[in-house]
Amino acid sequence: MSDRAPVYVLIGGTGGIGAPLARRLAADGAAVVLGARDADALGALAGETGASAFTLDATEPEAVESLVQGAVEAHGRVDGVVNLVGSIDLKPAHAMSPQAFEEVLRLNLHTAFYAVRSGARAMQRNKGPEGGSVVLMSSVAAKLGLANHEAVAAAKAGVVGLVQAAAATYAPKGIRVNAVAPGLVRTPLAGRLVATEQAVEASAKMHPLGRIGEPEDLTDALAFLLDRARSGWVTGQTLSVDGGFANVRPR
């Protein structure tokens, strides 16, 4: 990549992972474009980081397209798109309504597809071999059977398949597509799962490294996958950032 600042679009950019990632990327000199529902949170984070901000509902494909094209119009190109929109609705299949299941798919899988769709459209126009990077969020639940995770697991496993297919489609254009699959991370989205120290301690014991994740664990991985200088030969991968949860039995 040349000496110009990379341009990164963060969909769901004000959340428990999005906000620290925006701060991290801006501190590293990137031009950051934020999209999220909460106009007040967007304005505050944009003022703090110097990012551009767009209010949107990421479940609407036209809104995501407008966000990415707005970034192109403002900066001339887009180098990376990250989708950070998601939900954690934990119920067994028999107790979840069809409407709730559709909402899980809309928030976790549909938004990921729209990020790929709009990101690829923009980054195919980039000149030279640089292409760009799309990074999505999967989950440990896509790989490991966890009780009451049927809806989330289905959506996040769909993200893994989307990553692999899109990576194959867009590799000739130099566009890399990857995902991060976390275990439990201390964010507002995790809600009651991190609401008490007792709950955190119980979850920590399930992770071989003996703790739940912190937002910085995820921002490090996401920044790595965005950066062509560090991950330019990585595509089609789902990177487990889960304290060993998916692959290692705790002692």
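Residues numbered from 1 in each chain as written. Predicted model: local features only at pLDDT ≥ 70, side-chain atom pairs only at ≥ 80, totals over all residues. Heavy atoms only, no water.

(A) Seen up close, the pairing of strand β4 (residues 80–83). Of the two faces of β4, the one carrying G80 and V82 and the one carrying V81 and N83 are both buried. Pairing analysis gives 3 bridges linking β4 to strand β5 (residues 132–137), with the strands arranged parallel. Each residue of the ladder has a partner; that of V82, found in β5, is V135. (Buried < 20%, exposed > 50% of the residue type's maximum accessible area, 1.4 Å probe, protein only. Helix = DSSP H or I, 4+ residues; strand = E, 2+ residues; numbered from the N terminus. Pairing = 2+ DSSP bridges.)

(B) Seen up close, the side chain of D89. Within the secondary structure, D89 sits in the loop between β4 and α4 (98–123). Apart from residues no more than four positions distant in its own chain, D89 is found in contact with M96, A100, V104, N148 and V152. (Contact = heavy atoms within 4.5 Å.)

(C) Structural detail: the pattern of salt bridges. Counted under the stated rule, the structure contains 12 salt bridges. Here D89 makes a salt bridge to K91, at a shortest N to O gap of 2.8 Å. The salt bridge partner of R230 is D227, with a shortest N-O separation of 3.0 Å. Judged by its relative accessible area of 23%, D227 is partly exposed. (Salt bridge = Lys/Arg side-chain N within 4 Å of Asp/Glu carboxyl O.)

(D) How the structure looks around the sheet that holds strand β1 (residues 7–11). Read from one edge of the open sheet, 7 strands run β3-β2-β1-β4-β5-β6-β7, paired in parallel fashion. Two strands lie at the open edges of the sheet, namely β3 (52–55) and β7 (238–241), each paired on one side alone. The average angle at which neighbouring strand axes cross in this sheet is 15 degrees, direction not considered. Against the sheet, helix α3 (residues 61–75) touches β1, β2 (31–36) and β3, its axis set at about 160 degrees to β2. Across the sheet, helix α5 (residues 150–170) touches β5, β6 (175–182) and β7, and the angle it forms with β6 is around 160 degrees. (Axes fitted to C-alpha atoms, helices over the stretch in contact; angles between N-to-C directions.)

(E) Looking closely at the environment of S118. The residue S118 is located in helix α4 in this model. Look at S118 and you get buried, because its relative accessible area is 0%. In sequence terms S118 and V234 are 116 residues apart; their C-alpha atoms lie 21 Å from each other. Those residues in contact with S118, other than ones at most four positions away along the chain, are V64, E65 and V68.

(F) Expanded view of the pairing of β2. Counted residue by residue, β2 has 6 buried out of 6 residues, so it is predominantly covered. Covered by surrounding structure in β2 are A31, V33 and G35 together with V32, L34 and A36, the residues of both alternating faces. Two elements, β1 and β2, share 5 bridges in a ladder whose sense is parallel. Considered in β2, the bridge of V7 is made with A31. Regarding the hand of the β-α-β motif, the stretch spanning β1, helix α1 (residues 18–27) and β2 is right-handed. Of the pairings in the sheet, the one linking β2 to β3 comprises 4 bridges and is parallel in character. (Right-handed = clockwise from strand over helix to strand, strands pointing away.)

(G) Local environment of the packing of aromatic side chains. This structure, assessed with the given rule, holds 1 aromatic pair. On the numbers, 6.2 Å between centres and 75 degrees between planes, the contact of F113 with Y114 is edge-to-face. With a relative accessible area of 45%, F113 lands in the partly exposed category. (Phe/Tyr/Trp six-rings, centres within 6.5 Å; stacked < 30°, edge-to-face > 60°.)

(H) Just α1, in detail. Buried residues of α1: G18, A19, P20, L21, A22 and L25, and no others. Looking at the buried positions of α1, the neighbouring elements they touch are β1, β2, α2 (39–49), β4 and α7 (215–226). One or two steps after α1, the chain reaches G29, where phi turns positive at roughly 100 degrees.

(I) Main features of the nonpolar core. One finds V9, I11, V78 and L136 to be the most contacted residues of the largest nonpolar core, which totals 34 residues. In terms of residue count, α4 provides more of this core than any other element does, 8 residues in total. When sequence neighbours within four positions are dropped, the list of residues in contact with L136 reads N83, A112, A115, V116, V159, L162, V163, N178, A179 and V180. If you look at the next biggest cluster of nonpolar residues, it comprises 26 residues, including L45, M137, A223 and L225. (Core = buried A, V, L, I, M, F, W, Y, C linked by side-chain atoms within 4.5 Å.)

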